[in-house]
Amino acid sequence: MSYLDYDLSLTDEQREIRDAAHKFAAEVLRPTGIALDRMTPEEVIADGSPLFDVLKQASELGYTRAAGPAELGGLELPPLVSHMVFEELAWGSVGVAGVIFLSSTHADTALGSQNAESIEEFAAPYYGSSDGSIIGCWAITEPDHGSDTLAAVSPDLAVKVKGQLVARADGDDWIINGQKSAWVSNGPIATHAMLNLQIAGEDSFARGAICVMPLDLPGISRGPSLDKHGCRSLPQGEIFFDDVRIPKRWMVLGPDLCGIYMDAHLSIFNAGVSCIATGLARSAYDCTLEYCKERVQGGKPIFEHQSVRSRLFRMFQLVQASRAMSRGAYIYNVSKLLGGEQAVLQHSIAAKVFCTNSALEVCTLAVQLHGGNGMTKEYPVEMFLRDATSFTIADGENALLTQIGAALL
Ligand SMILES: Cc1cc2nc3c(=O)[nH]c(=O)nc-3n(C[C@H](O)[C@H](O)[C@H](O)COP(=O)(O)OP(=O)(O)OC[C@H]3O[C@@H](n4cnc5c(N)ncnc54)[C@H](O)[C@@H]3O)c2cc1C
């Protein structure tokens, strides 16, 4: 039994876009994601790494510009279609899909700020390029402040605390000092950042500020690319700022508006992670179904044993439920924000927590149904399980996000 897309309203053109994304995911992202998983973090970001070739191909095909405005060069895919595309890309490789998804972060923040100068300076060049050379990142967490940074959307977390990246005014400029954590996705390869920071004199992440900036300015340096358990194809690393001078116009959101923007931003990102987790769970289900039809024990393919089928059915249920929940939250919240209305964050949080926990369960079952083979690098489910663990922590650890979502009910 396979899974269906229940959406009977899909047009032939939408199915074609989805199928083209699946083909790219199967033929390019899956093999590259596996190759990158086995490389050292230094090799993943070195010149000539297959990561950059794939990013270039993804950009040429428009996947880095999927949801962007057509007037600037984006494909302006409707939310339903961009969700389908990202689910397919994540089916191929969650890490590489993450690199692609995050690449537009600085450009989208410039768009979200509605500041004409910032849009011209950051969004237009990004959406106008198709060679994968402009790579964004979202640098928010700090070595001593991971969950604390969610204070902007949760009064419960708004304790008095000094940030490790602080900006002070200096005439018409801001001077930035400090660092971001080793977990900044795309940090080692990003050309631009959406940067959350604290304004000197403030004392809580509930009143942060956001700037958009290039990362080739004097005083900026990077830490090593992080050597980690899962999502190894997604480079992560620290960014250091030593008296970095930026013009005031790049500080796109001050303490009074930062919380409102973070609510919108997390609504998109949590829903985006739920989409990526759905693609991951689907890939684990697909591989496991195929394996169970081939592996013979007890004189017949293990697929024919009732307990194996029951476990496959559980995986199947979770994949279908994840897609429905993720797609619903993503379409609703992206549509609301595009229409100038407020997103409903708790729906994105619910989708993120449900889909990433489901992906973890699906990938655990995938490994168990592969038996000993599931522990080896001969089969991709071993990597899928490590990747699934990462997403229960990314964009807010699931137990804490549950606490935040519950407070919003
Ligand atoms: C795959 C991946 C991608 C990521 N991408 C990025 C990125 O692009 N940019 C970026 O800046 N960061 C990124 N991160 C960092 C991520 O946002 C943080 O890891 C996450 O928010 C948790 O912070 P922490 O690791 O510091 O854990 P901590 O905040 O130290 O939390 C440890 C534990 O304590 C619990 N806890 C903490 N505070 C509270 C509280 N007040 N109440 C109850 N429980 C609490 C947490 O729930 C958790 O279980 C990424 C992380 C991963 C794994």
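Parameters and conventions
- By convention here, each chain's residues receive numbers from 1 onward along its written sequence.
- Residues qualify for local features only when their pLDDT is at least 70, as the model is predicted, and side-chain atom pairs are given and counted only at 80 or more; totals for whole chains, interfaces and linings, by contrast, use all residues.
- Helix numbering and strand numbering both begin at the N terminus, where a helix is a DSSP run of H or I of at least 4 residues and a strand a DSSP run of E of at least 2.
- With the radius of gyration taken over C-alpha atoms, the globule rule is written as 2.2 Å times the number of residues to the power 0.38.
- Exposed residues have 12 or fewer other C-beta atoms within 10 Å of their own C-beta, buried residues have 20 or more, and residues in between are partly exposed; the C-beta atoms are placed from the backbone.
- The span expected for a helix works out to 1.5 Å for each residue beyond the first.
- Two strands qualify as a pair provided DSSP detects at least 2 bridges between them.
- In this analysis, axes come from line fits to C-alpha atoms, helices being fitted only over the stretch in contact, and the angle between any two N-to-C directions falls in the range 0 to 180 degrees.
- Geometric relationships in this document are graded by angle, where less than 35 degrees denotes roughly parallel, more than 145 denotes roughly antiparallel, 65 to 115 denotes roughly perpendicular, and other angles denote oblique.
- By convention the crossing between two helices is left-handed if the near helix lies anticlockwise of the far one by an angle smaller than a right angle, and right-handed if it lies clockwise.
- Throughout, the edges of the domains are those of an automatic or database domain assignment.
- Placing C-beta atoms from the backbone, we regard two residues as in contact once those atoms come within 7 Å.
- Basically, the charged four are Asp, Glu, Lys and Arg, the nonpolar ten are Ala, Val, Leu, Ile, Met, Phe, Trp, Tyr, Cys and Pro, and anything else, Gly included, counts as polar.
- What makes a residue near a molecule or strand is its C-beta atom, placed from the backbone, lying within 6 Å of it.
- In this usage, the nonpolar core is the set of buried Ala, Val, Leu, Ile, Met, Phe, Trp, Tyr and Cys residues whose C-beta atoms join them within 7 Å.

Caption draft 1: Local environment of the overall build of the chain. In terms of regular secondary structure, the chain is built from twelve helices and nine strands. Whereas a compact globule of 409 residues would reach a radius of gyration of roughly 22 Å, the chain reaches 21 Å, a difference of no more than 12%. The C-alpha extent of the chain, read off along each of the three principal axes, is 80 × 45 × 40 Å. Residue burial in the chain is summarised as follows: out of 409 residues, 52% are buried.

Caption draft 2: Representation of helix H10 (residues 345–369) in the model. Taking 1.5 Å as the rise per residue, H10 with 25 residues should run 36 Å; its terminal C-alpha atoms sit 36 Å apart, in good agreement. Along H10, 19 of the 25 residues are buried, which leaves the element largely enclosed by surrounding structure.

Caption draft 3: Spatial organisation of the pairing of strand E5 (residues 209–214). In terms of residue burial, E5 counts as a mostly covered element, since five of its six residues are buried. Pairing between strand E4 (residues 192–199) and E5: six bridges, direction antiparallel. In the strand pairing of E5, His192 is matched with Pro214.

Caption draft 4: Examining the packing of helix H8 (residues 255–294) against helix H9 (residues 306–338) more closely. H9 packs onto H8 with a crossing angle of 155 degrees between their chain directions and a minimal axis gap of 8 Å. Here H8 is positioned roughly antiparallel relative to H9, judged by the angle of their axes. For the pair H8 and H9, the crossing hand works out as left-handed.

Caption draft 5: Spotlight on the environment of Thr402. In this structure, Thr402 sits in helix H12 (residues 398–407). A count of 17 C-beta atoms within 10 Å places Thr402 in the partly exposed class. With 157 residues separating them in the primary sequence, Thr402 and Arg245 have C-alpha atoms 38 Å apart.

Caption draft 6: Structural context of the domain arrangement of the chain. The assigned domain composition of the chain is domain 1 (12–127), domain 2 (138–256) and domain 3 (258–407). Centre-to-centre separation of domain 2 and domain 3, based on C-alpha positions: 29 Å. Taken together, the contacts link 17 residues of domain 2 with 16 residues of domain 3. When grouped by side-chain class, the residues that make up the side of domain 2 that touches domain 3 number nine nonpolar, six polar and two charged.

Caption draft 7: Quick peek at the site of the ligand. By nearness alone, 21 residues border the ligand, and Gly146, Ser147, Ser185, Ala394 and Leu400 come closest of all. Mapped by element, the contributors of at least two residues to the shell around the ligand are strand E1 (138–139) and H12.

Caption draft 8: Region of the structure containing the nonpolar core. If you look at the biggest cluster of nonpolar residues, it comprises 127 residues, and the most contacted ones within it are Ile276 and Val362. Among the elements that line this core, the one with the most residues is H8, at 16 residues. Not counting residues up to four positions away in its chain, the partners in contact with Val362 are Ala281, Ala284, Tyr285, Met315, Leu318 and Val319.

Caption draft 9: Just unusual backbone geometry, in detail. The phi angle at Gln114 is positive, at roughly 60 degrees, despite the residue not being glycine. Along the chain, Gln114 falls in the loop between helix H6 (105–113) and helix H7 (116–127). Looking at Gln114, the number of C-beta atoms within 10 Å reads 10, which means it is exposed.

Caption draft 10: Examining the environment of Ser129 more closely. Structurally, Ser129 can be placed in the loop between H7 and E1. Judged by the 14 C-beta atoms lying within 10 Å of it, Ser129 is partly exposed. A sequence separation of 69 residues divides Ser129 from Glu60, and the C-alpha atoms of the two residues are 8.8 Å apart.

Caption draft 11: Molecular detail of the environment of Ala406. Within the element layout of this structure, Ala406 appears in helix H12. Look at Ala406 and you get exposed, because 11 C-beta atoms sit within 10 Å.

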